Amino acid sequence: MNCSKTRLKLLDFIDGNLDQKNTANVEKHLSGCDVCRGFFTELQQFNILMHTEKKPNVNPFLSNRIVETMVLQSDTPSQLHRRHFSKLTAAAAIAVLVVAGIFGGLEIGNRITSGLSSSQADHPEISSLVNELNHEPLEQMLFNLNTPAQ
Amino acid sequence: MNDHDLIKAVKKGDEKAFHELVENYQQMIIGTALGFVGNLDDAHDITQDVFIEIYRSINSFRADSSLSTWIYRITITRSLNHIRREKRHKDQIVVETDIREETSDPLEDADRKKILHLAISSLPKNQQIAFTLHNYEDLSYKQIAQIMQRSISSVESLIFRARKNLQKKLWEWYKNSRV
Ligand SMILES: [Zn+2]
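Criteria and thresholds
- Residues numbered from 1 in each chain as written.
- Chains lettered and ligands numbered in written order.
- Predicted model: local features only at pLDDT ≥ 70, side-chain atom pairs only at ≥ 80, totals over all residues.
- Heavy atoms only, no water.
- Helix = DSSP H or I, 4+ residues; strand = E, 2+ residues; numbered from the N terminus.
- Buried < 20%, exposed > 50% of the residue type's maximum accessible area, 1.4 Å probe, protein only.
- Contact = heavy atoms within 4.5 Å.
- Areas by Shrake-Rupley, 256 points an atom, 1.4 Å probe, with all protein chains shown as cover.
- Core = buried A, V, L, I, M, F, W, Y, C linked by side-chain atoms within 4.5 Å.
- Donors = N, O, S within 2.8 Å, 3.2 Å for Na, K, Ca; no water.
- Tetrahedral: all angles 85-135°; square planar, octahedral: opposite > 155°, others 65-115°.
- Salt bridge = Lys/Arg side-chain N within 4 Å of Asp/Glu carboxyl O.

So, the overall build of chain B
Each helix and strand counted, chain B has 9 helices and 0 strands in total. Listing each helix as α and each strand as β along chain B from the N terminus yields α-α-α-α-α-α-α-α-α. Counting across all 179 residues of chain B, residues that qualify as buried make up 56%. Partitioning the contacts of chain B with sequence separation of at least 6, the portion at a separation of at least 24 is 60%.

Quick word on the overall build of chain A
Within chain A, the regular secondary structure consists of 9 helices and 0 strands. Mapped in sequence order, the helices and strands of chain A form the string α-α-α-α-α-α-α-α-α. Sequence-distant contacts, at least 24 apart, represent 47% of the contacts inside chain A between residues at least 6 apart. Only carbon and sulfur atoms are counted for the fraction: they give 59% of the accessible area of chain A, which is about 9,600 Å².

Re the nonpolar core
In terms of nonpolar packing, the biggest core is built from 49 residues, with B:F18, B:L21, B:F51, B:I54 and B:I71 touching the most fellow members. Secondary-structure elements contributing two or more residues to this core are α5 (62-73) of chain A together with α1 (3-11), α2 (15-37), α3 (40-57), α4 (67-85), α7 (125-136), α8 (141-148) and α9 (152-177) of chain B. Ignoring anything within four residues of it in the chain, the contact list for B:L21 reads B:L6, B:V10, B:F51, B:I54 and B:L67. Listed in part, the 27 residues of the second largest apolar core include A:L10, A:F40, B:I115 and B:L123.

A look at the coordination of the zinc ion
All names here are of chain A. Within the protein, C3 (SG), H29 (NE2), C33 (SG) and C36 (SG) serve as the donor atoms for the zinc ion, at 2.1 to 2.3 Å. One way to put it: the 4 donor atoms around the zinc ion meet at angles of 103 to 115 degrees, and that makes the site tetrahedral. Considered as a linear motif, the donors of the zinc ion on their single chain read C-x25-H-x3-C-x2-C.

A word on the pattern of salt bridges
One pass over the structure, following the stated rule, counts 9 salt bridges over all chains. Between B:E172 and B:K175 there is a salt bridge, and its shortest N-O distance comes to 3.2 Å. With B:E172 and B:K175 both in helix α9 and 3 residues apart, the pair spans about one turn of that helix. In this structure B:K175 comes out as partly exposed when scored by relative accessible area, which is 34%. The structure contains a network of salt bridges with shared partners spanning A:D12, A:D15, B:R163 and B:K164.

Re unusual backbone geometry
Residue and element names in this part refer to chain B. For D138, which is not a glycine, the phi torsion comes out positive at approximately 55 degrees. One can find D138 in the loop between α7 and α8. By relative accessible area, D138 is classed as partly exposed at 45%. Phi at Q149 takes a positive value of approximately 55 degrees, unusual for a residue other than glycine. Among the secondary structure elements, Q149 is positioned in the loop between α8 and α9.

So yeah, pure geometry; function would need other evidence.
Take a look at the structure:
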């Protein structure tokens with residue numbers, strides 16, 4: 001088994017999902033390839049990390065904090081649901097948001113552009129991860145979530 | 001109280017019932033959010049936002065899906081929104097990671113965690129969702145299929161592709177970090 005084929009089987013190897021033949025092939029390759037063995041060791045660390053992140057400790061004050069936040073609003077959900085801003089307040093809020101959005105957007109745009117040039121250009125491997133986020137519009141995902149599979 | 005009674009009571013504004021709902025679901029929400037964002041403080045903030053949204057929109061909840069399915073969907077949306085907002089912050093992580101690489105110290109868990117979540121969050125969204133629910137919440141393909149409104153076989157394929165892509169991304173990172 002060559003390097004690239006071996007690497008694609010490593011997560012399954014770590015999880016014990018491979019059959020006997022593939023397990024033996026991966027073991028054989030790892031014993032003779034320093035590069036793949038180094039990556040395998042690193043991947044094991046990532047795998048351990050994923051397991052330790054499961055079932056996190058919940059802040060014991062969280063539920064009180066949340067309920068207090070809700071009580072402060074002192075509305076039942078139905079009252080909250082029916083309550084609306086006055087038209088005047090809403091119009092003023094929209095105007096402020098539009099102005100803030102234009103200036104904020106310009107500012108953020110500038111910062112992102114300058115940030116990319118200093119940090120991402122030097123390290124294409126990580127910047128490729130960051131950049132791919134741009135190619136997954138959230139709206140599309142939400143659309144997919146809300147649209148039953150055909 | 002079962003979920004049905006709980007929802008009815010919360011709709012009426014029963015504070016105790018809402019408290020019970022928070023107690024019942026906070027672990028699930030934090031675990032899911034943590035799988036997406038990789039940071040416990042952020043996961044707590046997302047959890048608070050999710051409960052506020054639950055409270056505000058409980059009247060629009062229809063019993064055609066289970067309460068947990070509905071809450072998972074809200075949590076996913078909130079978590080992905082958070083990742084999008086924090087994208088600028090992730091540029092900062094890139095800088096921190098670079099520093100670590102330059103000093104060639106062994107990678108610490110905190111850095112490894114950032115790289116891992118950067119890699120997961122760069123997966124196509126549907127792969128990211130299926131992988132996170134399966135890996136961090138140990139949900140079955142069937143449960144994930146209900147949440148994502150997809151077939152079980154498509155969930156299976158999403159998780160398969162997510163694992164292969166994750167290995168490729170982590171390999172790219174590993175390869176370049178050794179140069
Ligand atoms: Zn090899």
